[in-house]
Amino acid sequence: MSKKTLTTSTGAPVADDNNSISVGPRGPLTFDNHYLFEKLAHFNRERIPERVVHARGTAAYGHFTLTKSLSEYSIADFLQTEGSKTEVFLRFSTVGGGQDSSDYARDPRGFAVKFYTNEGNYDIVGNNTPVFFLNDPIKFPDFIHSQKKNPQTNLPDPAAAFEFWANHPQSLHQMTILMSDRGIPLSYRHVHGFGSHTLSLWNDKGERYWVKWHFKTNQGIKTLTDAEAVGKPAFGAQEDLVNAINDGDYPSWTVKIQIMTQEEAENYPINPFDLTKVWPYKDHPLIEIGQLELNRNVDNYFAETEQSAFAPSNLVPGTGASPDKMLQARLLAYQDAHRYRVGVNHNQLPVNAPRCPVNHYQRDGFMSGCPMHNGGQIQTSRANYYPNDRAEAGEPAPDKRYEEPSMNYAHAIVARHDQSEEDYWTQAGDLYRVMNDDQKNQLAGNIAGGLSKANTSIQERMLAQFAKADPDYAARVKAALEKI
Ligand code: HEM
């Protein structure tokens, strides 16, 4: 390889990168140290805000292979042809810890997939759990505050976490998963992924279907106990993924969906848009539709993984959201977060840029580096407004074929709808009852560890919740608490 000359950021060769220019060997520096200034100024600006949640993450590229056409349900280009491959980028994460926390926290794992389809990017921004702690987004900042570090001591605060849960029975189902033997995955290769929310698909007849996405790990579920996790190196899960891919041991997931028609949803006894609930498989069996494999590590962690921007609002024709209240808020929250964290033109960065042409009338803004995203590379004056008279000349225009079917909320009342009387016990109890004795004891012990730090009132309210799910659940936690 020929020797390369060190340059400034504008490409000018640098003669000396060891010595600043000074007035004699013992004198002060001079103003012609512009190279030094550039170096220090850039260094000062190396950090961008970390994600407010899911700050610690690891990602890789791969592809999704469709094994069952979904043309019956969706016009989405990437869901039509069996055998077709779509490039993906998948970022795993923990939720509560900052960038320098541990990969082995007892915490849900983020499972965010970006499908680079021929009709734009489709993002499924899910977790390794099928449900969530909340079903109203207005609680999200409070919930996250209660799970992160204590604002005064900057230490983990299990009492605050349980204080939140004691006041929010809607969290019981997800909290039971979190505190179970599945709460600390051995690695990112050994987790399932879930879209969690009810999303939608729609076909060329204008029919909409409700859908839940499941990514079942082909490596099997493997987990750690609290005691095993303590001895693990902080970067272990990241190292595991990077090494597996470098060694050609590509991790993969079998992709499945559950489908519900709109009519079924109207009559379903469980609110199908309540993120604290699953759709039991006996009602809506899993349908296998593909394989997802990760086979390429990033070239540059910051440029790709850190600046990657996933958004539940990244939808493509034939897919859609749903009335799930949590999802509705997320349709706004992520783009907003990206504008703050990465910048208004984050979708121009290679990791976020779609692999298909981008034609729109958005212009300029900080760091608009790609002519294609800023109106085109052709020298002629391009329209930057719509409508215009230049469709024949190639200026973009909307196309009605991509109109999502409308929704009918004719008789709905616009108001704040209290969900506190929902049934938050049955599914949490069902989950408890499928656990074996060892799993039940692990669950009770894990809960007792944190709950013992909370006051008696919180403990009593939590025990009352467990009892409603299953009396034995409460009895075991109580016994575990008494042993501490
Ligand atoms: C109202 C509810 C929620 C709000 C307001 C919210 C907000 C956020 C925000 C602001 C980020 C950081 C985004 C960034 O800076 O790039 C984030 C990341 C993330 N959220 Fe949520 N979130 C919510 C619920 C959920 C739920 C229910 C799930 C999973 C089912 C989820 C999964 C994720 C994942 C996986 C990431 C990391 C994405 C990545 O890898 O970059 N979030 N969330």
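Undergrad: Looking at this model, I keep getting lost on the site of the ligand. Mind explaining?
TA: In the vicinity of the ligand lie 25 residues, with Arg 51, Arg 91, Arg 330, Tyr 334 and Arg 341 positioned nearest. At 3.3 Å, a side-chain N or O of Arg 330 approaches a nitrogen atom of the ligand. The contact in question runs from a nitrogen atom of the ligand to an N or O atom on the side chain of Tyr 334, over 2.6 Å. Secondary-structure elements contributing two or more residues to the shell around the ligand are strand E3 (109–117), strand E4 (120–127) and helix H9 (325–341). The element that contributes the greatest number of residues to the shell around the ligand is H9, accounting for seven residues.

Undergrad: What's the story with a negative patch on the surface in this structure? I'm lost.
TA: A cluster of acidic residues, Asp 204, Glu 207, Glu 263, Glu 264 and Glu 266, forms a negative patch on the protein surface. Note on placement: Asp 204 falls in the loop between strand E6 (199–202) and strand E7 (208–217).

Undergrad: Looking at this structure, how should I read the nonpolar core?
TA: Generally speaking, soluble globular proteins have nonpolar side chains that are buried together. Counting residues in hydrophobic clusters, the biggest one holds 41 residues, and the most contacted among them are Trp 213 and Phe 215. Counting residues in hydrophobic clusters, the runner-up holds 40 residues, among them Tyr 424, Trp 425, Ala 428 and Leu 451.

Undergrad: Even after reading the chapter, I still don't get empty space enclosed by the protein, so can you show me in this structure?
TA: Picture a little ball the size of a water molecule; that probe, rolled over the atoms, points out where space is still empty. Scanning the entire structure with this criterion turns up three cavities of 30 Å³ or more. Here the largest cavity defines a volume of roughly 70 Å³. Along its surface, the largest cavity is lined by Tyr 122, Asp 123, Ile 124, Val 125, Gly 195, His 197, Leu 199, Pro 312, Leu 315, Leu 327 and Arg 330. A total of four residues in the lining of the largest cavity trace back to one element, the largest contributor, which is E4. Among the residues forming the lining of the largest cavity, the class breakdown is seven nonpolar, two polar and two charged.

Undergrad: Looking at this structure, how should I read the pattern of salt bridges?
TA: It is possible for side chains bearing opposite charge to pair when their charged atoms get close. Scanning the model with the defined rule gives 22 salt bridges in all. The salt bridge partner of Lys 478 is Glu 482, with a shortest N-O separation of 3.3 Å. One end of the pair is Lys 478 and the other is Glu 482, both in helix H13 (residues 471–483) and four residues apart, which spans about a single turn. Among the charged side chains, a salt-bridge network with shared partners connects Glu 87, Arg 296 and Arg 355.

Undergrad: Before we go on, may I ask you to explain the pairing of strand E8 (residues 252–261) in this structure?
TA: As a general feature of sheets, a regular strand has side chains that alternate between the two faces. For E8, the buried fraction is high: eight of the 10 residues fall into the buried class. The pairing of E7 with E8 spans nine bridges and is classified as antiparallel. Bridging from a neighbouring strand, Val 211 pairs with Ile 259 of E8. Note: E8 against strand E9 (residues 287–297), six bridges, orientation antiparallel. Residue pairing in the sheet places Lys 256 in a bridge with Glu 288 of E9.

Undergrad: Would you explain the domain arrangement of the protein in this entry?
TA: With domains assigned, the protein is organised as domain 1 (1–46) and domain 2 (57–134 + 185–348). Each of domain 1 and domain 2 has a C-alpha centre, and the two are 44 Å apart.

Undergrad: Which parts of the structure should I look at to understand the packing of aromatic side chains?
TA: Each pair of aromatic rings is reported with the distance of its centres and the angle of its planes. If you walk through the whole model with that rule in mind, you get 28 aromatic pairs. When the centroid spacing of 6.1 Å and the interplanar angle of 55 degrees are considered together, the rings of Tyr 122 and Trp 213 count as tilted. Taken together, the residues span a long stretch of sequence, with Tyr 122 in strand E4 and Trp 213 in strand E7 at a distance of 91 residues. A relative accessible area of 0% means that Tyr 122 is categorised as buried. In this structure Trp 213 comes out as buried when scored by relative accessible area, which is 1%. A connected cluster of aromatic rings, assembled from ring pairs, spans Phe 64, Phe 78, Phe 92, Phe 111, Phe 115, Tyr 122, Tyr 188, Trp 213, Phe 215 and Trp 253.

Undergrad: Sorry if this is basic, but what is going on with the coordination of the iron atom of the ligand here?
TA: Ideal donor angles around a metal are set by the shape: a four-donor tetrahedron calls for 109.5 degrees, a six-donor octahedron for 90 or 180 degrees. No other protein atom reaches the iron atom of the ligand as a donor apart from Tyr 334 (OH), found 1.7 Å away. Within the secondary structure, Tyr 334 sits in helix H9.

Scoring rules and cut-offs
Residue numbers run consecutively from 1 along every chain, following the written order of its sequence. Whole-chain, interface and lining totals are the exception, using all residues; otherwise, since this is a predicted model, local features are given only for residues with pLDDT of at least 70 and side-chain atom pairs are given and counted only at 80 or more. Side-chain calculation: all heavy atoms of the structure are included, whereas hydrogens and water are not. If a single non-hydrogen atom of a residue is within 4 Å of a molecule or strand, that residue counts as near it. Any pair of nitrogen or oxygen atoms within 3.5 Å is treated as a polar contact; in protein, a donor-acceptor pairing is required on top of that, and neighbouring residues in sequence qualify only through side-chain atoms on both sides. Elements are defined by DSSP. Helices are runs of H or I of four residues or more, strands are runs of E of two residues or more, and each kind is numbered from the N terminus. For patch detection, residues must exceed 30% relative accessible area and be free of salt bridges, and they are connected within 9 Å for like charges or within 5 Å for nonpolar side chains (Val, Leu, Ile, Met, Phe, Trp, Tyr). All accessible-area figures derive from a Shrake-Rupley calculation using a 1.4 Å probe, and residue coverage is judged against the displayed protein chains alone. Just to be clear on terms, a salt bridge is a Lys or Arg side-chain nitrogen sitting within 4 Å of an Asp or Glu carboxyl oxygen. Residues counted as positive are Lys and Arg, residues counted as negative are Asp and Glu, and His and the chain ends are not counted. In plain terms, the charge of a residue is placed at NZ if it is Lys, CZ if Arg, CG if Asp and CD if Glu. To form a nonpolar core, buried Ala, Val, Leu, Ile, Met, Phe, Trp, Tyr and Cys residues must be joined to one another through side-chain atoms within 4.5 Å. For every residue, the accessible area (1.4 Å probe, protein chains only) is compared with the maximum for its type, and the residue is labelled buried under 20%, exposed over 50%, or partly exposed between those bounds. A cavity here means a set of points on a 1 Å grid, drawn over the protein atoms and nothing else, where a 1.4 Å probe fits but cannot get out; a pocket is an open set with protein on both sides within 12 Å along at least five of seven lines, and a residue lines either one if it has an atom within 4 Å of a point. Grid points are joined across faces, edges and corners, and a volume is the space filled by probe spheres set on the points. Side-chain classes follow a simple rule in which Ala, Val, Leu, Ile, Met, Phe, Trp, Tyr, Cys and Pro form the nonpolar group, Asp, Glu, Lys and Arg form the charged group, and the remainder, Gly included, forms the polar group. Pairing between strands is defined by DSSP: at least two bridges between the two strands are required. Throughout, the edges of the domains are those of an automatic or database domain assignment. Side-chain rings of Phe, Tyr and Trp (the six-membered ring for Trp) are treated as a pair once their centres are within 6.5 Å; stacked means planes under 30 degrees apart, edge-to-face means over 60, and tilted covers the remaining angles. Each metal site lists N, O and S donors within 2.8 Å (3.2 Å for Na, K and Ca). With water left out of the atoms, a site can look as if it is missing ligands.

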